[in-house]
Each structure stands twice: as structure tokens, then as C-alpha cells.
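# An overview of the molecular structure
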Protein chains: 2
Amino acid sequence: MQSVQSPLTRKLGSFVVLSSAELKTLDDLHRRRRNFVAGRDLMHQGQTDQAAYILSDGWVCSYKLMRDGKRQIVDFQIPGDFLGLRSVLFHTADHNIEPITPVTASEVLASDLIDAFASSPRLATAVLWAASRDEAMVVEHLVSIGRRSALERTAHFFLELSARLKLVGLGTVEGYACPLSQYMLADALGLSAVHVNRVLRELREEGLLTFQKGKVTIHDFEKLVDVADFDRTYLDDYGPLLR
Amino acid sequence: MQSVQSPLTRKLGSFVVLSSAELKTLDDLHRRRRNFVAGRDLMHQGQTDQAAYILSDGWVCSYKLMRDGKRQIVDFQIPGDFLGLRSVLFHTADHNIEPITPVTASEVLASDLIDAFASSPRLATAVLWAASRDEAMVVEHLVSIGRRSALERTAHFFLELSARLKLVGLGTVEGYACPLSQYMLADALGLSAVHVNRVLRELREEGLLTFQKGKVTIHDFEKLVDVADFDRTYLDDYGPLLR
DNA sequence: CAGCAACGCTACTTTAGATCAGTTTTTAGT
DNA sequence: ACTAAAAACTGATCTAAAGTAGCGTTGCTG
């Protein structure tokens, strides 16, 4: 029994209680470690036979590029998250993945996954849960962009990141380190960089939140939750539900 | 061996080749059939211990409601689609599901799913594939709302529906039956109903597509693909990839 | 078959956020 | 330490889509 868990084990462990055999299987998925430099895409849309990865250190973003050069960032991934899981099942990648910081990740092949599922159906359920959680986030982003104002949307974004980072021990109620530029924020929020800047100023002036020099500081959590219409149960760590 | 397949079997079968034991397991998921009337929600956000369903007939929409009454439709589901799969794994529903037409669906419990996965890891992979496909659509909606204009977005929407319906045999290149109102379209596209109406007029006047009286007629597929920046490989039926 | 409720449609007005065109500040490289 | 480039920031103008208001049409339902 190991005391140091991988971020993925930690995350899945919050959903299912894992046996030591299952922990071992998860551990085995972390053979084939790879390192990537920031800025150089790790996966391209259209690329075939791409492996998936489990992110163990650093931040990346998943995005789609439009014909005219505009881009939409779908989500940022932090340690413990899968990268490009869809690409494996689809045989071809439908989005790009760019490391924002230097990154270390473990390559996972389709066959690894199928073998893991064969050794434990509970693991299959756990991975499906993780995938569903990712989808829930994408859905929330859709709602944000579709129906929330720029201010509400930005507030929601920072609260979501806060909840996610807290779960893997990378943030507190006061705030967290955040290596994103205002341009990336703009691409994620469906806004222009100029407008993001104005919204950040407003959040700061309203005493809600400050994002400066790679640090997010939450000044008034309650007011922020109210502004963003943030669901407190969203992404919460309920403790293992499936035993 | 049956010659009449359920829409789900048909869909999953386009991804993995299924053994007769696996077909039987899928069939067993269709015990517990339920009927629902249009308009009366089948699932509510916040509801706990909700079962999932496999939709066998009719259309439904999944949506989220905001504090101020605005709503965002995340996706429409057609026969063969899972309803509320996330809700089962999350123990509580994070969205609402409303039948648009009268609907028949089969109730699926978390335990059914786990049992099915235990009997066949390939089935687990197939279900993960279906879930990933749904996520890919949500991602595409996100991109649409975030970076496409109202016209492009609407064009993209109708092309996506066309591709999905063709796969389950409910549409052709010329068009398809579509029981949606302009209000629902607005809630799905992140637009106002008034603006949807204007966009539909423009699509009609440009000779691209007509949506009237519950029927979508595609006048110029190629031009529509161009306007929408629609990826032709998106949602395509590649034939079984995993053998 | 009258009357009401959806739904579809259009013109006018308003607004949130984009775009343009910079300046200032911070960061990283030689 | 000095430059170059990237990121942050600002004000002025523009525009896509929202909101508002109202009319016509269809189809229920009592």
C-alpha cells in the first residue's frame, strides 16, 4: 500500500473505494511517462491513432480552431485529468491540446484501457464517472457562454477552477496559482481579450476577486457565488458514492 | 439472432462488433419500458437517485435552468441516445429532461450498467464511446455558441441534426421531420426567439435551408457546409473500428 | 364555432461586447 | 543591465444580437 497517490487515483478514489488490485492496475497505467514543453501542441485535431494521456503535472488546454483562425478553448486540464480520451475511442482527435506550462503526462493506449476494464468493471465505472464529470464541466461552460453575461461567466469560471484545484490540493478558499493569460481566458470564455481585461477590472473594483501576476485571490466568496449563480454542489467531493 | 435491432444496438454496433451474448445483454437493458407525455419533465436538476434511460422513440431535450428563468438547452436526444447517464453516476441529476414529443424509453439502473460492464468490458468501451460522442456534440455546441455567428451556428445545428438522424434512419440528404419550435431553437442556440426567426428567414432567402411546419428541407447542402464550417467527418459512421 | 393560447413573423430601439488603435508594464533572453 | 517581445491595460467607435411591441395564423378546447 502506497501513501503517495497519483492525482488520478486521488480523484477516482473520491468516487469509488478502490481495492489494492485496482490501485495496482491504475498504477500500471502510469508506465510510459512523457514530458512536454509549454506552447508546443501535444495533440492536433484530425490526427489519427493518437494515444490518450493522464496528466500528472502542469496545466494544458483543449481547444478547437475555426477556419478563420478564431479559437474556442473547451477546458483547461489540471493534474489527475485525462487528455484526449475521446481521441482514442474515435480513432482520430477532434481537438487540439496545448501545454500551458511544462507538463508531464502518462501515455495510455486504447488496449491499456480495455485491459484495465477487463480486470475490473468498477474501474470502468470510475473512468466513465471521470469522463462524465468532464462532460458536466463542458455543459456548464456551454450554459455560461449561452446564457451568462461576461461578468457572471468570468466569476463562474474562477469558482469552478477553485473547486477543481481544491480537490487535488492545489488551492484554498483564499485563492490559487493560475498560469493563464488574459488571452487564454478570452478564448475560453468566448470574449475578446480587451473585454476580459475590463471584466477583471470590474471584479477587482467590486471587491470580488483579483487575478494578477499568475495568482487568483478570492476576496468575497459568497458574493462571487451569488454573482455567478454558482451551484455549490457542482463538482463537490461527496466522498465515495459507490462501494 | 434478431433482425430488428434497437436504435441503441444499431448505434453501438457501428462502433464495435457485438457478439450475440453482448447483444443479449444490451437487449436485457430494455426491460422496464416507460412512456412519457410531451412537455412534462422526465427528470429535474437536483433530483437524487434518478435512473437513466435509453430513448427508443420520440424526441427529448436536456436543458439547464438559470435563476432568472433563462434556459439553455444542451442537446436534443433522438432514439438510441442515453438520457441522464451522468445523473446515475453523480447520484443526483444536474440537468432537466423534457419530452418534446410522446416518448418511450427504457429505465436503466446503475447496477444494470455495472452488471453489463462486468459481463463484457467491450460493452463498457462501447458505452464510453457513446458517452464520448455525446460529449463531442456538446463541445461542438460550445464552439458554436462561443465563436460562430447566429447564422453559422444555426446552419451548423441543422447539419448536425441531419447527420444524427441519417445514422438512425430518420432523415435523408433532402431533409427530415423536426418537431422543434423556434423557441426551443433559441434556447439551444443561445439566441432570442426573435433573432432565430430572422436567421431562419435569411437561411430561406439565401436558398440554403427551409424549416417550416415541422419539416427541415435542405436546399443547398454544399453551401450550408461552407457557411457553417461544418466538419464532414464529424459524427460520421466509420464502420466498426474496434474488433 | 368562438375564443384563447401557442407560434410565427416583422419593424423599431437599445445594449453588450467587438473591434480598432494605441500606451504602459512585465517578463525573458543575450 | 538592456533590449525585445509578450502581456496588460485604456478610450473611442462600431455592430450583432437583444429587447420591445405588436400583428397575423394555426389549432385546440370548452
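That block above? That's the structure.
My aim in this report is to walk through the structure given alongside it, one point at a time. Quick caveat: nothing in here was measured; it's all calculated off a predicted structure. (Residues numbered from 1 in each chain as written. Chains lettered and ligands numbered in written order. Predicted model: local features only at pLDDT ≥ 70, side-chain atom pairs only at ≥ 80, totals over all residues. Heavy atoms only, no water.)

### Overview of the sheet that holds strand β1 (residues 33–36) of chain B
Sheet strands line up and pair through hydrogen bonds in the backbone, either parallel or antiparallel. Residue and element names in this part refer to chain B. Worth spelling out the cut-off: Pairing between strands is defined by DSSP: at least two bridges between them are needed. Elements are defined by DSSP. Helices are runs of H or I of four residues or more, strands are runs of E of two residues or more, and each kind is numbered from the N terminus.
A sheet is described by the order of its strands in space; here 4 strands give the open sequence β1-β7-β2-β5, paired in antiparallel fashion. Two strands in the sheet have a free side with no partner beyond their single neighbour: β1 and β5 (82–83). Where strand β2 (residues 52–57) meets β5, 2 bridges bridge the pair, whose relative direction is antiparallel. Considered in β5, the bridge of Tyr53 is made with Leu83.

### A look at the protein's contact with DNA strand C
For clarity, the threshold we go by: Distances are taken per atom, and a residue is near a molecule or strand as soon as one of its heavy atoms is within 4 Å of it. Think of a polar contact as two N or O atoms within 3.5 Å of one another; within protein, one of them needs to be a possible hydrogen donor and the other a possible acceptor, and neighboring residues in sequence only count if both atoms come from side chains. Polar here means any residue other than Ala, Val, Leu, Ile, Met, Phe, Trp, Tyr, Cys and Pro, which are nonpolar, and Asp, Glu, Lys and Arg, which are charged; Gly is therefore polar.
In the region of DNA strand C, 17 residues are neighbours, and Ala150, Ser192, His195 and Lys213 of chain A together with Gln182 of chain B sit closest. Per the 4 Å cut-off to the protein, sugar and phosphate atoms form 73% of the nearby atoms of DNA strand C. In the model, a phosphate oxygen of DNA strand C is placed 2.8 Å from a nitrogen or oxygen of the Lys213 of chain A side chain. The side chain of Arg198 of chain B places a nitrogen or oxygen atom 3.3 Å from a base nitrogen of DNA strand C. At 4 residues, the largest contribution of residues to the surface near DNA strand C is made by helix α8 (residues 193–205) of chain B. Residue classes in the surface near DNA strand C are distributed as 5 nonpolar, 8 polar and 4 charged.

### What to know about the interface of chain A and chain B
Stated precisely, the cut-off is as follows: The contact criterion used is simple: two residues touch if any of their non-hydrogen atoms lie within 4.5 Å. By buried area we mean the combined loss of accessible area, with a 1.4 Å probe, across both parts when two parts are placed together. By definition, a salt bridge exists where a carboxyl oxygen of Asp or Glu is found within 4 Å of a side-chain nitrogen of Lys or Arg.
Every contact between the two is made by 48 residues of chain A and, on the other side, 48 residues of chain B. Where chain A abuts chain B, roughly 4700 Å² becomes buried across the two surfaces, and 69% of that area is made up of carbon and sulfur atoms. For the chain A face of the interface with chain B, the top three residues by lost area are Leu89, Leu142 and Arg147 of chain A, together amounting to 18%. Our count for the contact surface shared by chain A and chain B stands at 10 salt bridges. Put simply, Asp229 of chain B and Arg67 of chain A hold a salt bridge, and the shortest N to O gap is 3.8 Å.

### Focus: the packing of helix α5 (residues 121–147) of chain B against helix α6 (residues 150–167) of chain B
Helix-helix packing: each pair is described by the crossing angle between the helix axes and the interaxial distance. Residue and element names in this part refer to chain B. Selection rule: For every element, the axis is a line fit to its C-alpha atoms; helices are fit only across the contacting stretch, and the angle between N-to-C directions ranges from 0 to 180 degrees. Working definition: roughly parallel below 35 degrees, roughly antiparallel above 145 degrees, roughly perpendicular at 65 to 115 degrees, and oblique for all remaining angles. Crossings are classed by handedness, with left-handed meaning an anticlockwise turn of the near helix from the far one by less than a right angle and right-handed meaning a clockwise turn.
In the contact formed by α5 and α6, the axes pass within 9 Å of each other and the chain directions differ by 165 degrees. Put simply, α5 runs roughly antiparallel to α6. Two packed elements cross with a definite hand, and for α5 against α6 that hand is right-handed. Where α5 approaches α6, its residues Arg133, Met137, Glu140, His141, Ser144, Ile145 and Arg147 are matched on the opposing element by Glu152, Arg153, His156, Glu160, Arg164 and Leu167. Grouping the constituent residues of the contact of α5 with α6 by class yields 3 nonpolar, 3 polar and 7 charged.

### Comments concerning the environment of Val143 of chain B
Position of Val143 of chain B among the secondary structure elements: in helix α5. Sequence separation between Val143 of chain B and Arg153 of chain B is 10 residues, and the spatial gap between their C-alpha atoms is 9.1 Å. The residues contacting Val143 of chain B, other than those within four sequence positions of it, are Lys64, Met66 and Gln72 of chain A together with Arg148 of chain B.

### Re the nonpolar core
For the record, the criterion: Within this scheme, the nonpolar core is defined by two criteria: the residues are buried Ala, Val, Leu, Ile, Met, Phe, Trp, Tyr or Cys, and they are joined through side-chain atoms within 4.5 Å. The buried label applies to any residue whose accessible area, calculated with a 1.4 Å probe on protein chains only, is under 20% of its type's maximum; exposed applies above 50%, and partly exposed to all values in between.
With 50 residues, the main nonpolar core has Leu12 of chain A together with Leu12 of chain B as its most contacted residues. For this core, the secondary structure elements donating two or more residues are α1 (7–13), α3 (85–90), α4 (110–119) and α5 (121–147) of chain A together with α1 (7–13), α3 (85–90), α4 (110–119) and α5 of chain B. In contact with Leu12 of chain A, not counting residues within four places along its chain, are Leu18, Leu26, Ala126, Trp129 and Ala130 of chain A.

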